[in-house]
Amino acid sequence: MFPTHRPRRLRQNETIRRMVRETQLAPDDFIYPLFVVEGRGVRRPVASMPGVFNLSIENAAEEARQVKAAGVPSVILFGIPDHKDARGTGAYAEDGVVQRAIREIKSAAPELQVMADVCLCEYTDHGHCGVVSKDGRVLNDESLPLLSQMAVTCAQAGADVIAPSDMMDGRVAAIRKALDEAGLAGTPILAYAAKYASGFYGPFRDAAQSAPQFGDRRGYQMDPANVREALREVELDLQEGADMVMVKPALSYLDVIAKVRARFDVPVAAYNVSGEYAMVKAAAQNGWIDYQRVMMEILTSIKRAGADLILTYHALDAAKLL
Ligand SMILES: [Zn+2]
């Protein structure tokens, strides 16, 4: 009887397919991003990200309760201040928008793991992730104390995890030292270790009002063509004290996720970014794809590539399906 090997035997029905399925998604895999703004009663839709809103603090706290109720264990917060300046002072003010949001969310949903994205770009008037010299260069070492101060104020406000996303060199070491000196040695760091200069961030910059006012971020974020460099970035962040590492974006970088997973024995996160989400939403709204099916396929692919944690705007939709 030809053929001897018939892989279709194990695909005959849903029960056996479930039994031999290699990758299982669960709500525990997800981290849900929230964009917090000043004011009260604000729930402003982000035009390029249907289903995503800019939320004032009390609405963000309500959303966080729903995230918890859906079984998703974690949120990551992005603050959008009313006032921006050259040094991003809103990022590290003790009563800054993100610091107040952390306090409010931790009291609304204490078991939720609240992650604080640490970067200056939402808070600087020029929109870059660090401080900028007179001649327009993004200054590395001068930015580290500000990022460290942001990390400390967020952790003091109650953030469970600090997640630096700025891609300055040495920032994990600087933040680790600052946290330890502030008596916060127990606060873990999730480093955006391999963050690429990607066109897929467009809708996020709408949501966070953080587009650079001049130039671009290719001088500090990674070149999309490179993978060996990603492994070096991850290695350096781990040497500097990162507890977990992230690859961002996810979909065009599944090979990077897989290589990081194979090389390093720490939890690996991947950010299913705004442009990836927007494309799926737009195609679904046009009736061109089946939203739920494509969403689950994408999330499964990110986990199959090796991500333990997935930051995704689909988190609530996916958790409800699971
Ligand atoms: Zn940034």
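Once a new chain begins, its residue numbering starts again from 1 and follows that chain's sequence as written. Thresholds applied to this predicted model are a pLDDT of at least 70 for local features of residues and 80 or more for the giving and counting of side-chain atom pairs; totals over whole chains, interfaces and linings are not thresholded and use all residues. In computing side-chain properties, one takes all heavy atoms of the structure into account and sets aside hydrogens as well as water.

1. Some thoughts on the packing of helix H2 (residues 57–69) against helix H3 (residues 97–108)
Lines are fitted to the C-alpha atoms to define the axes, a helix being fitted only along its stretch in contact, and any angle between axes, read from their N-to-C directions, falls within 0 to 180 degrees. Helix numbering and strand numbering both begin at the N terminus, where a helix is a DSSP run of H or I of at least 4 residues and a strand a DSSP run of E of at least 2. Packing of H2 against H3 leaves a shortest axis separation of 9 Å and a crossing angle of 40°. Compared by their axis directions, H2 and H3 come out oblique. Read as a crossing pair, H2 and H3 show a hand that is right-handed. Along its contact with H2, which presents Ile57, Ala60, Ala61, Ala64 and Arg65, the element H3 presents Val97, Arg100, Ala101, Glu104, Ile105 and Ala108. Geometric relationships in this document are graded by angle, where less than 35 degrees denotes roughly parallel, more than 145 denotes roughly antiparallel, 65 to 115 denotes roughly perpendicular, and other angles denote oblique. Crossing handedness is defined as follows: a turn of the near helix away from the far one that is anticlockwise and smaller than a right angle gives a left-handed crossing, while the clockwise case is right-handed. Note on contacts: a residue pair is in contact if any heavy atoms of the two residues lie within 4.5 Å.

2. What about the packing of aromatic side chains?
Working definition: rings of Phe, Tyr and Trp (its six-membered ring) pair if their centres are within 6.5 Å, and the pair is stacked with planes under 30 degrees apart, edge-to-face with planes over 60 apart, and tilted otherwise. Scanning the entire structure with this criterion turns up 8 aromatic pairs. Where Phe35 meets Tyr313, the ring centres are 6.2 Å apart and the plane angle is 10°; that geometry is what we call stacked. One end of the pair, Phe35, is in strand S1 (residues 30–37); the other, Tyr313, is in the loop between strand S12 (309–312) and helix H11 (315–321), with 278 residues separating them in the sequence. A relative accessible area of 3% places Tyr313 in the buried class. Members of the aromatic cluster, joined through ring pairs, are Phe35, Phe78, Tyr192, Phe204, Tyr271, Tyr277 and Tyr313. Arg43 extends its terminal NZ or CZ atom over the ring of Phe53, reaching a point 4.1 Å from the ring centre. In this analysis the charged atom, NZ for Lys or CZ for Arg, is taken to sit over a ring once it is within 6 Å of the ring centre and within 35 degrees of the ring normal. When the ring centre of Tyr201 is taken as reference, the NZ or CZ atom of Lys248 above it lies at 4.9 Å. The cut-offs for exposure are 20% and 50% of the maximum accessible area for each residue type, with area from a 1.4 Å probe on protein chains only; residues under the lower value are buried, those over the upper are exposed, and the others partly exposed.

3. Observations regarding the coordination of the zinc ion
Around a metal, the ideal angle is 109.5 degrees if four donors adopt a tetrahedral arrangement and 90 or 180 degrees if six donors adopt an octahedral arrangement. Only nitrogen, oxygen and sulfur atoms qualify as donors, provided they sit within 2.8 Å of the metal or within 3.2 Å for Na, K and Ca; with water excluded from the atoms, sites may seem incomplete. The protein atoms that coordinate the zinc ion are Cys119 (SG), Cys121 (SG) and Cys129 (SG), at distances of 2.2 to 2.4 Å. Ordering the donors of the zinc ion by residue number gives the pattern C-x1-C-x7-C. One end of the pair, Cys119, is in the loop between strand S5 (113–118) and strand S6 (131–132); the other, Cys129, is in the loop between S5 and S6, and 10 residues separate them in sequence.

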